[in-house]
Amino acid sequence: MTASPPSETACSPDPPPSRRLVAALHACQVHVWAPLFRKWTLKSRSITLSSEFLSWLQTDGVILPPSVELSSTGHERTQHEDGEDDWEIEWQRRVEKESICSSYSSSSFPAFEAALTEAIAELGGAVVPKLNWSVPRDAAWVNGGTIKCETAGDVMLLLKSSDRMQNDLDRLEELQQIVTPSSALSSALQPVLTLRKWAYFHPSMHFRCFVRRSVLCAVSQREPSAFYPFLADEIPRLRTLLHTFFLLHITPILTTSLPSLFEEEGEKQVGVTVCVDVYVDRQGRIWVLDLAPWGPPTDALLFAWGGTKAWEGGRLEVPLVADDESEVGAEDEGGEGIVVRVVDGEEVRVLPDPWASCRVPLDLHGCVGLGGEAGPEGMLTGGLDMEAIMRATMEERSRRGREVRSESSGMEEEDKEDEEELRGGNNEEEDEDTRKEKEEEEEEELGEVRGK
């Protein structure tokens, strides 16, 4: 959900998590809440990560085990425009890969790779990987512009390339320092990879719902960087659908199964308080996609958080506010009091895209022939072919090597020319001295002749 878990976009620096927030973060781990909403969420499989794999995940560099395969490079050998086979490049690539991996012979995880392959097959052949709170969306560019994974190699590539995965691991370490080591909560805060069945959800019908004291009080468009003209007319229908769904299904499950999300007032529990991401399909069916604690670092999207601390002493101290700074309440008025905000181009305008910085690196922009098509200003508009990128990288290295050799030979030639010029200049000076000596000798001989 977030760049710093569990929301998609990081807010201002996170306050140190209280024990209450730690409990809320535990409840919002995907492998904890997903089984509770099995009827209304995507099918998933969870895999506990070994210490060896975590060590590999946290080392520098993106070096995959030699045994894995990537769906983006699983095509046959190609030919260049001049008709020459690229076997030489393939051979060079294989030699480089073997030489690099030779020093990382321990970076092989056959049991983990087998578990990934088995889970992918069970989930229909395509999955989305997710650590405790986050999806490696920031690394989608390296996987052809998608987080859809079809092989174990795709999963490992995304995990290894994503900063958000490291954020989750850092957050887990931070939480472990707060809870009692021998407590049940400590053992429940361990790195877990969850593979979720791949499904395409159109971003226009993806919403974040804010539940305060067991009542749905606000709904925000999940992608505030886009404008969908039809959404404003859908607000009454969305309000009714979501109110009914939360009243009949979500709130009862949260209340009975996730007590750590309860807000307290004194010694009294006053209801569940949490953020829930959902998707509304064409048939009006609602899918639960994610859970996140109320307050920072969860992104409020088209709303805003009105405070700086959350879960202070068991009581929620962060109100949800609209643009006019009016607090969004939790009064239950049969759904009529739910505040639904979408980008309408007038009162609510498009916000900057928080993922604009998580795209193809600048040095790859305009590289036509890497599996994408040239768009405006020469940028790529399609997916990336990792094999083509590798080939282009090696060709670029060869070109730079030729340039360096050419510059070196050019400098040598210039040095030779300078030496020759210097030598030529010395020869001219020597010739001038010899000529003067001969003239003086001739004048002396002429003088002697005249004297005689």
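Below you will find a few notes about this structure. (Residues numbered from 1 in each chain as written. Predicted model: local features only at pLDDT ≥ 70, side-chain atom pairs only at ≥ 80, totals over all residues. Heavy atoms only, no water.)

## Observations regarding the packing of helix α5 (residues 110-122) against helix α6 (residues 152-161)
Line of reasoning, step 1. Where α5 contacts α6, the two axes come as close as 9 Å, and the packing angle between them is 115 degrees. Relative to α6, the element α5 is oriented roughly perpendicular. The segment α5 lies against α6, with F112, E113, L116, T117 and I120 engaging A152, V155 and M156. (Axes fitted to C-alpha atoms, helices over the stretch in contact; angles between N-to-C directions. Helix = DSSP H or I, 4+ residues; strand = E, 2+ residues; numbered from the N terminus. Parallel < 35°, antiparallel > 145°, perpendicular 65-115°, else oblique. Contact = heavy atoms within 4.5 Å.)

## Focus on the side chain of D281
Line of reasoning, step 1. Secondary-structure assignment places D281 in the loop between β8 (274-280) and β9 (286-292).
Line of reasoning, step 2. It is R285 that comes nearest to the buried, bridge-free D281 among opposite-charge side chains, at 5.3 Å.
Line of reasoning, step 3. Polar side-chain contacts of D281 include one of 2.7 Å to the backbone nitrogen of R285. (Buried < 20%, exposed > 50% of the residue type's maximum accessible area, 1.4 Å probe, protein only. Lys, Arg positive; Asp, Glu negative; His and termini not counted. Salt bridge = Lys/Arg side-chain N within 4 Å of Asp/Glu carboxyl O. Polar contact = N/O pair within 3.5 Å; in protein donor to acceptor, adjacent residues only side chain to side chain.)

## So, the sheet that holds strand β2 (residues 127-130)
Line of reasoning, step 1. Across the sheet, which stays open at both edges, the three strands sit in the order β1-β3-β2 with antiparallel pairing between neighbours. Single-partner strands in this sheet number two, and they are β1 (44-48) and β2. Taken pair by pair, the neighbouring strands of this sheet meet at an average axis angle of 20 degrees, ignoring direction.
Line of reasoning, step 2. Sheet analysis places β2 next to strand β3 (residues 192-197), joined by four bridges and oriented antiparallel. By the bridge assignment for β3, K130 is matched with T194. (Pairing = 2+ DSSP bridges.)

## Points about unusual backbone geometry
Line of reasoning, step 1. P296 connects to P297 through a cis peptide bond whose omega is 10 degrees.
Line of reasoning, step 2. The topology assignment puts P297 in the loop between β9 and β10 (304-305).
Line of reasoning, step 3. One non-glycine residue, R213, lies in positive phi territory at about 55 degrees.
Line of reasoning, step 4. Considering the arrangement of structural elements, one finds R213 in the loop between β4 (206-212) and β5 (215-221).
Line of reasoning, step 5. Of note in this structure, L301 is not a glycine but carries a positive phi near 60 degrees.
Line of reasoning, step 6. By the element assignment, L301 lies in the loop between β9 and β10.

## Concerning the packing of aromatic side chains
Line of reasoning, step 1. Under the criterion given, the structure shown has 13 aromatic pairs.
Line of reasoning, step 2. Every member of this aromatic cluster is reached through a ring pair, and the members are F53, W56, F109 and F112.
Line of reasoning, step 3. A cation over a ring is seen here: R285 above W287, with NZ or CZ 4.2 Å from the ring centre. (Phe/Tyr/Trp six-rings, centres within 6.5 Å; stacked < 30°, edge-to-face > 60°. Lys NZ or Arg CZ within 6 Å of the ring centre and 35° of its normal.)

## With respect to the pattern of salt bridges
Line of reasoning, step 1. The full count for this structure, using the stated rule, is eight salt bridges.
Line of reasoning, step 2. A salt bridge links R222 to D277, with the nearest nitrogen and oxygen atoms 3.0 Å apart. Remark: D277 occurs in strand β8 and R222 occurs in the loop between β5 and α9 (231-257); sequence separation between them is 55 residues. The residues R222 and D277 share a single accessibility class, namely buried.
Line of reasoning, step 3. When salt bridges with common partners are traced through the structure, they connect R208, R222 and D277 into a single cluster.

## Concerning α6
Line of reasoning, step 1. Taken across its ten residues, α6 has nine buried, putting it largely inside the fold.
Line of reasoning, step 2. All of the buried residues along α6 are A152, G153, D154, V155, M156, L157, L158, L159 and K160.
Line of reasoning, step 3. Considering only its buried residues, α6 is in contact with α3 (51-57), α5, β2, α7 (163-176) and β3.

## Some thoughts on α5
Line of reasoning, step 1. In a regular helix each residue adds 1.5 Å, so 13 residues correspond to 18 Å; α5 covers 18 Å between its end C-alpha atoms and thus fits that length.
Line of reasoning, step 2. Taken together, the buried positions of α5 are occupied by F112, E113, L116, A119 and I120. Projected onto a plane normal to the axis of α5, the buried residues spread over an arc of 130 degrees and lie on a single side. Exposed residues lying more than 90 degrees from the buried face of α5 are P110, A111, E118 and A121.
Line of reasoning, step 3. Positive phi appears at G124, one or two residues downstream of α5, with a value of about 100 degrees. (Expected span 1.5 Å × (residues − 1). Arc of directions from axis to C-beta.)

## Considerations on the environment of Q176
Line of reasoning, step 1. Turning to its location among the elements, Q176 is positioned in helix α7.
Line of reasoning, step 2. Linking Q176 and V22, residues 154 residues apart in sequence, is a C-alpha distance of 9.4 Å.
Line of reasoning, step 3. With residues up to four places along the chain from it excluded, the contact list for Q176 reads S186, L189 and Q190.
Line of reasoning, step 4. Side-chain polar atoms of Q176 contact the backbone oxygen of L189, separated by 2.7 Å.

## Some points on the environment of L189
Line of reasoning, step 1. Residue position: L189 is located in the loop between α8 (184-188) and β3.
Line of reasoning, step 2. Linking L189 and R171, residues 18 residues apart in sequence, is a C-alpha distance of 9.8 Å.
Line of reasoning, step 3. Once residues lying within four places of it in the same chain are set aside, the contact partners of L189 are V22, H26, Q29, L172, L175, Q176 and V179.

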